[in-house]
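Single-letter residue listing:
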Amino acid sequence: MNPLASGARAGLRVGGRAAADWNARMLAQAADGTRRGTRWGRGALALVPSALAIGVLGTALAQGALAANFSVTGQPFTLTTNGVQGSGFGAVVNTPAVGRPDGTTTTTTAMARVGFASAGLAGLCGIVHQTIAGVPYSLLLTGGQKVTGAPPAAFTTDIDASNLYIQATELQSYGPTTLQNAVIGQSADQVTVAGKPLTGALPGGFGLGSAGGEGGSSITLHGLNATAYDAEMAGALVLPDLRIRVVAGTATTC
(Lines give C-alpha, C1' and ligand atoms only; values in the text may rest on other atoms or scores of the structure.)
Protein backbone atom coordinates (compact mmCIF):
# COMPACT_ATOMS: atom_id res chain seq x y z
CA MET A 1 0.00 0.00 0.00
CA ASN A 2 1.20 3.46 -0.80
CA PRO A 3 2.29 5.00 2.52
CA LEU A 4 1.26 8.48 1.34
CA ALA A 5 -2.27 7.34 0.50
CA SER A 6 -2.53 5.49 3.83
CA GLY A 7 -1.43 8.63 5.73
CA ALA A 8 -3.94 10.78 3.85
CA ARG A 9 -6.83 8.41 4.69
CA ALA A 10 -5.78 8.39 8.36
CA GLY A 11 -5.63 12.20 8.37
CA LEU A 12 -9.13 12.39 6.88
CA ARG A 13 -10.49 10.02 9.56
CA VAL A 14 -8.92 12.12 12.34
CA GLY A 15 -10.17 15.36 10.76
CA GLY A 16 -13.65 13.89 10.35
CA ARG A 17 -13.80 12.82 14.01
CA ALA A 18 -12.62 16.29 15.11
CA ALA A 19 -15.26 17.99 12.98
CA ALA A 20 -17.93 15.64 14.32
CA ASP A 21 -16.86 16.30 17.92
CA TRP A 22 -16.87 20.10 17.34
CA ASN A 23 -20.34 19.89 15.75
CA ALA A 24 -21.67 17.88 18.70
CA ARG A 25 -20.34 20.43 21.19
CA MET A 26 -21.93 23.32 19.28
CA LEU A 27 -25.29 21.52 19.18
CA ALA A 28 -25.13 20.83 22.92
CA GLN A 29 -24.28 24.47 23.73
CA ALA A 30 -27.09 25.71 21.48
CA ALA A 31 -29.55 23.43 23.27
CA ASP A 32 -28.70 24.62 26.81
CA GLY A 33 -30.17 28.12 26.18
CA THR A 34 -26.98 30.03 27.05
CA ARG A 35 -26.19 33.00 24.75
CA ARG A 36 -22.54 33.04 23.58
CA GLY A 37 -20.50 35.20 21.23
CA THR A 38 -21.20 38.76 20.07
CA ARG A 39 -24.81 39.86 19.69
CA TRP A 40 -24.39 41.79 16.46
CA GLY A 41 -28.10 42.47 16.12
CA ARG A 42 -28.41 44.01 19.58
CA GLY A 43 -25.10 45.85 19.19
CA ALA A 44 -26.29 47.40 15.93
CA LEU A 45 -29.59 48.42 17.52
CA ALA A 46 -27.71 50.11 20.36
CA LEU A 47 -26.20 52.49 17.80
CA VAL A 48 -29.58 53.50 16.40
CA PRO A 49 -30.64 55.91 19.22
CA SER A 50 -27.37 57.87 18.88
CA ALA A 51 -27.77 58.11 15.12
CA LEU A 52 -31.40 59.18 15.51
CA ALA A 53 -30.43 61.77 18.13
CA ILE A 54 -27.85 63.29 15.77
CA GLY A 55 -30.41 63.36 12.99
CA VAL A 56 -33.07 64.99 15.16
CA LEU A 57 -30.56 67.55 16.45
CA GLY A 58 -29.53 68.43 12.91
CA THR A 59 -33.16 68.75 11.80
CA ALA A 60 -34.10 70.92 14.78
CA LEU A 61 -31.06 73.11 14.27
CA ALA A 62 -31.85 73.53 10.59
CA GLN A 63 -35.44 74.52 11.45
CA GLY A 64 -34.33 77.14 13.97
CA ALA A 65 -35.67 75.23 16.94
CA LEU A 66 -32.43 75.25 18.95
CA ALA A 67 -29.76 77.61 20.10
CA ALA A 68 -26.26 76.45 19.21
CA ASN A 69 -22.71 76.88 20.42
CA PHE A 70 -19.59 75.80 18.55
CA SER A 71 -16.23 75.69 20.32
CA VAL A 72 -13.06 73.61 20.37
CA THR A 73 -11.07 73.51 23.60
CA GLY A 74 -7.75 75.30 23.25
CA GLN A 75 -7.90 75.42 19.46
CA PRO A 76 -9.18 78.05 17.03
CA PHE A 77 -11.38 77.20 14.09
CA THR A 78 -12.31 79.05 10.92
CA LEU A 79 -15.70 80.54 10.08
CA THR A 80 -16.33 82.04 6.64
CA THR A 81 -19.36 83.41 4.85
CA ASN A 82 -20.03 85.22 1.58
CA GLY A 83 -21.54 88.15 3.44
CA VAL A 84 -23.18 89.41 6.63
CA GLN A 85 -26.02 91.85 7.18
CA GLY A 86 -26.42 92.55 10.89
CA SER A 87 -28.29 94.94 13.15
CA GLY A 88 -27.85 95.72 16.82
CA PHE A 89 -24.12 95.36 16.27
CA GLY A 90 -21.46 95.72 18.96
CA ALA A 91 -17.88 94.68 19.68
CA VAL A 92 -15.38 94.82 22.55
CA VAL A 93 -11.86 93.61 23.26
CA ASN A 94 -11.57 91.12 26.13
CA THR A 95 -9.40 88.29 27.44
CA PRO A 96 -11.68 85.28 27.84
CA ALA A 97 -10.77 82.02 29.53
CA VAL A 98 -9.43 79.67 26.86
CA GLY A 99 -9.36 75.97 27.62
CA ARG A 100 -6.20 73.97 27.07
CA PRO A 101 -6.15 70.30 26.00
CA ASP A 102 -4.90 69.34 29.49
CA GLY A 103 -8.03 70.79 31.11
CA THR A 104 -6.47 74.02 32.42
CA THR A 105 -7.37 77.50 31.18
CA THR A 106 -5.54 80.68 30.28
CA THR A 107 -6.74 84.30 30.17
CA THR A 108 -3.76 85.87 28.41
CA THR A 109 -5.13 85.96 24.85
CA ALA A 110 -6.77 89.22 23.74
CA MET A 111 -9.76 88.70 21.48
CA ALA A 112 -12.62 90.60 19.93
CA ARG A 113 -16.12 89.64 21.04
CA VAL A 114 -18.55 90.63 18.32
CA GLY A 115 -22.32 90.44 18.71
CA PHE A 116 -25.37 90.87 16.50
CA ALA A 117 -28.90 91.17 17.85
CA SER A 118 -29.99 89.93 14.42
CA ALA A 119 -27.86 88.72 11.53
CA GLY A 120 -28.34 87.34 8.05
CA LEU A 121 -25.51 85.25 6.59
CA ALA A 122 -24.85 84.36 2.98
CA GLY A 123 -23.91 80.73 3.56
CA LEU A 124 -21.72 79.37 6.35
CA CYS A 125 -18.52 77.32 6.34
CA GLY A 126 -16.89 76.16 9.57
CA ILE A 127 -13.59 74.27 9.54
CA VAL A 128 -11.98 72.52 12.53
CA HIS A 129 -8.57 70.89 12.15
CA GLN A 130 -7.79 67.80 14.23
CA THR A 131 -4.96 65.28 14.38
CA ILE A 132 -5.78 61.66 15.22
CA ALA A 133 -2.85 59.26 15.75
CA GLY A 134 -0.62 61.72 13.90
CA VAL A 135 -2.93 61.90 10.88
CA PRO A 136 -4.56 65.28 10.07
CA TYR A 137 -8.33 65.46 9.54
CA SER A 138 -10.77 68.31 9.03
CA LEU A 139 -14.34 68.59 10.27
CA LEU A 140 -16.47 70.70 7.92
CA LEU A 141 -19.79 72.27 8.92
CA THR A 142 -21.72 73.93 6.12
CA GLY A 143 -25.16 75.42 5.68
CA GLY A 144 -26.98 77.50 3.11
CA GLN A 145 -25.34 78.55 -0.14
CA LYS A 146 -21.81 77.46 -1.02
CA VAL A 147 -19.19 79.76 0.43
CA THR A 148 -16.71 80.82 -2.26
CA GLY A 149 -13.03 81.64 -1.91
CA ALA A 150 -13.57 85.16 -3.25
CA PRO A 151 -16.78 86.79 -1.96
CA PRO A 152 -19.28 87.91 -4.62
CA ALA A 153 -19.75 91.61 -5.40
CA ALA A 154 -23.39 91.28 -4.31
CA PHE A 155 -24.89 88.67 -2.01
CA THR A 156 -28.25 87.43 -0.76
CA THR A 157 -28.51 86.05 2.77
CA ASP A 158 -30.08 82.63 3.34
CA ILE A 159 -29.25 81.98 7.02
CA ASP A 160 -30.98 83.85 9.84
CA ALA A 161 -29.56 84.07 13.36
CA SER A 162 -30.58 86.04 16.43
CA ASN A 163 -28.24 86.89 19.30
CA LEU A 164 -25.17 85.78 17.35
CA TYR A 165 -21.79 86.14 19.12
CA ILE A 166 -18.30 85.37 17.84
CA GLN A 167 -15.16 85.30 19.99
CA ALA A 168 -12.19 85.66 17.64
CA THR A 169 -8.55 86.63 17.44
CA GLU A 170 -9.05 87.85 13.87
CA LEU A 171 -11.99 88.94 11.73
CA GLN A 172 -11.41 89.99 8.15
CA SER A 173 -13.75 91.29 5.47
CA TYR A 174 -12.71 90.81 1.85
CA GLY A 175 -14.96 93.49 0.36
CA PRO A 176 -16.68 96.78 1.24
CA THR A 177 -17.82 97.18 4.84
CA THR A 178 -20.67 99.52 5.71
CA LEU A 179 -21.29 100.73 9.28
CA GLN A 180 -24.31 102.83 10.21
CA ASN A 181 -25.03 104.59 13.52
CA ALA A 182 -21.84 103.19 15.01
CA VAL A 183 -19.64 104.73 17.71
CA ILE A 184 -16.00 103.72 17.48
CA GLY A 185 -14.22 103.96 20.81
CA GLN A 186 -17.27 103.71 23.07
CA SER A 187 -16.49 102.45 26.57
CA ALA A 188 -16.70 98.68 26.40
CA ASP A 189 -19.00 98.39 29.42
CA GLN A 190 -21.56 100.62 27.66
CA VAL A 191 -21.79 98.44 24.54
CA THR A 192 -24.91 96.29 24.55
CA VAL A 193 -26.29 93.69 22.13
CA ALA A 194 -29.93 92.65 22.45
CA GLY A 195 -30.08 94.67 25.67
CA LYS A 196 -27.14 92.93 27.35
CA PRO A 197 -23.47 93.93 27.78
CA LEU A 198 -20.89 91.84 26.01
CA THR A 199 -19.08 89.25 28.15
CA GLY A 200 -15.70 90.37 29.40
CA ALA A 201 -16.24 94.09 28.70
CA LEU A 202 -14.19 96.32 31.01
CA PRO A 203 -14.98 99.94 31.93
CA GLY A 204 -12.86 102.23 29.78
CA GLY A 205 -11.91 99.42 27.42
CA PHE A 206 -12.30 99.73 23.66
CA GLY A 207 -15.79 99.23 22.35
CA LEU A 208 -17.72 99.60 19.11
CA GLY A 209 -21.32 100.44 19.87
CA SER A 210 -24.44 102.13 18.54
CA ALA A 211 -25.22 105.85 18.25
CA GLY A 212 -28.87 105.16 17.49
CA GLY A 213 -29.86 103.48 20.73
CA GLU A 214 -30.29 99.76 21.30
CA GLY A 215 -30.40 97.99 17.94
CA GLY A 216 -29.73 101.22 16.06
CA SER A 217 -26.39 100.20 14.59
CA SER A 218 -26.05 98.05 11.50
CA ILE A 219 -23.24 96.52 9.51
CA THR A 220 -22.84 94.98 6.05
CA LEU A 221 -19.77 92.86 5.35
CA HIS A 222 -18.96 91.55 1.88
CA GLY A 223 -17.24 88.33 2.81
CA LEU A 224 -16.07 87.44 6.30
CA ASN A 225 -13.28 85.20 7.53
CA ALA A 226 -12.92 84.73 11.29
CA THR A 227 -10.34 82.83 13.31
CA ALA A 228 -12.63 82.04 16.20
CA TYR A 229 -12.52 80.25 19.53
CA ASP A 230 -16.27 80.35 20.07
CA ALA A 231 -19.38 80.99 17.99
CA GLU A 232 -22.62 81.22 19.91
CA MET A 233 -26.16 81.54 18.61
CA ALA A 234 -28.01 82.35 21.84
CA GLY A 235 -31.27 82.80 19.94
CA ALA A 236 -32.77 80.87 17.05
CA LEU A 237 -30.68 79.73 14.09
CA VAL A 238 -32.32 78.96 10.77
CA LEU A 239 -29.71 76.97 8.87
CA PRO A 240 -30.88 75.35 5.61
CA ASP A 241 -29.10 72.30 4.22
CA LEU A 242 -27.00 71.61 7.32
CA ARG A 243 -24.13 69.23 6.57
CA ILE A 244 -21.36 67.94 8.84
CA ARG A 245 -18.57 65.79 7.42
CA VAL A 246 -14.99 64.70 8.16
CA VAL A 247 -12.35 64.65 5.44
CA ALA A 248 -8.71 63.58 5.45
CA GLY A 249 -6.04 66.27 5.37
CA THR A 250 -6.02 69.95 6.29
CA ALA A 251 -8.94 71.52 4.45
CA THR A 252 -8.95 75.25 3.79
CA THR A 253 -12.32 75.56 2.03
CA CYS A 254 -15.67 73.83 2.28
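As a reminder, the structure under discussion sits directly above these lines.
As the structure is a prediction and not an experimental result, all values here were calculated from the model.

**Focus: the environment of Tyr174**
Looking at the secondary structure, you find Tyr174 in the loop between strand S8 (159-172) and strand S9 (177-180). A relative accessible area of 44% means that Tyr174 is categorised as partly exposed. With 22 residues separating them along the chain, Tyr174 and Pro152 place their C-alpha atoms 9.7 Å apart. Ignoring any residue separated from it by four or fewer positions in sequence, one finds Tyr174 in contact with Pro151, His222, Gly223 and Asn225.

**Focus: the state of the cysteines**
Considering all chains together, one arrives at one disulfide under this definition. In this model Cys125 forms its disulfide with Cys254; the gap between the sulfur atoms is 2.0 Å. On the S-S bond that ties Cys125 to Cys254, the torsion sits near 80°, and the link is right-handed. Placement of the pair is Cys125 in strand S6 (residues 124-132) and Cys254 in the segment after strand S16 (243-248), with a sequence separation of 129 residues. A relative accessible area of 4% places Cys125 in the buried class.

**Some words on the pairing of strand S5 (residues 111-121)**
With eight of 11 residues buried, S5 is to be regarded as a mostly interior element. Of the strand pairs in this sheet, strand S2 (residues 77-94) and S5 are connected by 10 bridges, and their pairing is antiparallel. Counterpart to Val92 in the pairing with S5 is Arg113. Strand direction decides the pairing type here: S5 and S8, joined by nine bridges, are antiparallel. In the strand pairing of S8, Ala112 is matched with Ala168.

Calculation rules
- Residues numbered from 1 in each chain as written.
- Predicted model: local features only at pLDDT ≥ 70, side-chain atom pairs only at ≥ 80, totals over all residues.
- Heavy atoms only, no water.
- Helix = DSSP H or I, 4+ residues; strand = E, 2+ residues; numbered from the N terminus.
- Buried < 20%, exposed > 50% of the residue type's maximum accessible area, 1.4 Å probe, protein only.
- Contact = heavy atoms within 4.5 Å.
- Disulfide = S-S within 2.5 Å.
- Pairing = 2+ DSSP bridges.

Purely spatial values, then, with no claim about function.
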